[in-house]
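# Results of the structural survey
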Amino acid sequence: MARDLRGFIEILESKGQLRRISALVDPELEIAEISNRMLQAGGPGLLFENVKGSPFPVAVNLMGTVERICWSMNMEAPEELETLGSKLAMLQQPKPPKKIKQAVDFGKVLFDVLKAKPVRDFFPPCQQIVIEGEDVDLNRVPMIRPYVGDAGKIITLGLVITKDVETGTPNVGVYRLQLQSKNTMTVHWLSVRGGARHLRKAAEAGKKLEIAIALGVDPMIIMAAATPIPVDLSEWLFAGLYGGSGVKLAKCKTVDLEVPADSEFVLEGTITPGEMLPDGPFGDHMGYYGGVEDSPLVRFHCMTHRKNPIYLTTFSGRPPKEEAMMAIALNRIYTPILRQQVSEIVDFFLPMEALSYKAAIISIDKAYPGQARRAALAFWSALPQFTYTKFVIVVDKDINIRDPRQVVWAISSKVDPSRDVFILPDTPFDTLDFASEKIGLGGRMGIDATTKIPPETDHQWGEPLESDDDVAAMVDRRWQEYGLGDIDLAEVDANLFGYELK
């Protein structure tokens, strides 16, 4: 398995999923424009080897498909991610085993945790080159500016590492940073995030907050840092669980923090509480430009990197984007955890087109009236990341929730809006969602698209049309005899049915 960025690039290249581009490209707008077209087409990852203004190459779109996300985690199919989710569910709410097999399974998970413990690397590749003081020049890093209305160049896939000044507990997050000068950047994080909490505690203690930014890490570690699951484990341990062995960490040169030893770049600095600068606007995941916010200023005094480092980046925007592919994978990881929280849920799906969290489709094994509404309400409170889900659609277990045609059919044939749609007004909401009348406060809608049972309805429900089993089996046997064997029924072109998918 790849345990650093270079190893993952080699995997992609061996599978024909990487293109090297030797033509001169500009990190101002051009790289993002090329990458966006490739993302829309589900194309390969890109490695720009000749970047204007920098001696370093830029890698982008490495995680631009769900397939490549799976490869980064040493898996082949999204379904395998649920196995990892089952481990995390077991750790989140361990239950006394009732059978020997359950005890054995839990023992295996605990052994995986022991194997996942991080290890120290005393000669880390990330410190092959060390630059300190006034010699630090962030302009050498080929940061991109994705959209014409963006305020400046940004870092998007950096691991932002801070530590609680009181307990020493580290936090690893993925936050956007904006270049402000040759040695300063602003960091944009929500007030509920770990880094923001650490800054508040540093301010209370009258101290500066130490911070490190690790760039160009193993994509598996990025996935671990992006997993907001309420388990009392560090992100490093998460990454070890994801990869099956401990992450190699290195102590920073000038701050008391640890970073992945195989990072391509590491930026070390401090934040003085109260020192802020305007950050933004930038294109965000909603598909619009966000606002301008005063954000903490980071002063960097040390930059280390590998020999001939590679800069890994991405950008936000209307899907498909790399963040949407990561969210699809995380959806699979969440599934066993959600089933443990809400037992009637069979499966759930967060469509990419709904920004991977604005709408959820849930299937349930319906057993009693009102169950769909109960499942929707339970979903909203099951995990913190579902707080900002605007729409929850509940369907029966025989509906393929990942097939929009089946979901639309269920809504159209099983929903009476006056009975099956309910709205919760004035709930806490995503501040980036300006569709709401009041920023930070909005409504949520639940839709019961399940088969209705008494007393939900007082008349006989329709019986779905199905093929005769014996006739269907006979047609299967005779398919070649009909001369239709060359037609692949599994490959369906949606454009033939009136859609316009490009």
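In the block above lies the structure referred to throughout.
Residues numbered from 1 in each chain as written. Predicted model: local features only at pLDDT ≥ 70, side-chain atom pairs only at ≥ 80, totals over all residues. Heavy atoms only, no water.

### Looking at the overall build of the chain
In terms of regular secondary structure, the chain is built from 13 helices and 21 strands. The C-alpha radius of gyration of the chain comes to 25 Å, within 12% of the 23 Å expected for a compact globule of 502 residues. When its C-alpha atoms are laid out on the principal axes, the chain stretches across 80 × 55 × 55 Å. For the chain, buried positions account for 50% of its 502 residues. A separation threshold of at least 6 residues defines the contact pool for the chain, and within that pool the share at least 24 residues apart is 69%. Per element, the accessible surface of the chain, about 24,200 Å² overall, is 54% carbon and sulfur. Side-chain charges in the chain split into 55 positive and 68 negative, and the spacing between the mean points of these groups amounts to 5 Å. (Helix = DSSP H or I, 4+ residues; strand = E, 2+ residues; numbered from the N terminus. Rg over C-alpha atoms; globule rule 2.2 N^0.38 Å. Buried < 20%, exposed > 50% of the residue type's maximum accessible area, 1.4 Å probe, protein only. Contact = heavy atoms within 4.5 Å. Areas by Shrake-Rupley, 256 points an atom, 1.4 Å probe, with all protein chains shown as cover. Lys, Arg positive; Asp, Glu negative; His and termini not counted. Charge placed at Lys NZ, Arg CZ, Asp CG, Glu CD.)

### Brief notes about the nonpolar core
Residues Leu62, Leu159, Tyr242 and Phe379 are the most contacted members of the largest nonpolar core, which totals 83 residues. The residues touching phenylalanine 379, leaving out its near neighbours within four places in the chain, are Leu338, Val342, Phe348, Leu350, Ala360, Ile362, Phe386, Thr389 and Val392. By size, the runner-up hydrophobic cluster in this structure holds 39 residues, among which are Ala32, Ile131, Trp189 and Ile211. (Core = buried A, V, L, I, M, F, W, Y, C linked by side-chain atoms within 4.5 Å.)

### Describing the sheet that holds strand S1 (residues 18–21)
Taken together, 4 strands build an open sheet; the order of strands is S1-S2-S3-S16 and the sheet is mixed. Each of the sheet's edge strands pairs with one partner strand only, and the pair in question is S1 and strand S16 (311–312). Here strand S3 (residues 58–60) runs beside S16; their pairing, made up of 2 bridges, is parallel. Across the sheet, residue valine 58 finds its bridge partner in S16, namely tyrosine 311. (Pairing = 2+ DSSP bridges.)

### Regarding the packing of aromatic side chains
Per the counting criterion, the structure on display carries 11 aromatic pairs. Taking the centre distance of 5.4 Å and the plane angle of 85° together, the rings of tyrosine 175 and tryptophan 189 count as edge-to-face. In this pair, tyrosine 175 sits in the loop between strand S8 (170–174) and strand S9 (176–181) while tryptophan 189 sits in the loop between strand S10 (184–188) and helix H6 (194–204), placing the two residues 14 residues apart along the sequence. The exposure classification of tyrosine 175 matches that of tryptophan 189, with both residues buried. Aromatic ring contacts, followed pair by pair, group Tyr334, Phe348, Phe379 and Phe386 into a single cluster. Directly above the aromatic system of tryptophan 71 lies the positively charged group of lysine 15, at a separation of 4.6 Å from the ring centroid. (Phe/Tyr/Trp six-rings, centres within 6.5 Å; stacked < 30°, edge-to-face > 60°. Lys NZ or Arg CZ within 6 Å of the ring centre and 35° of its normal.)

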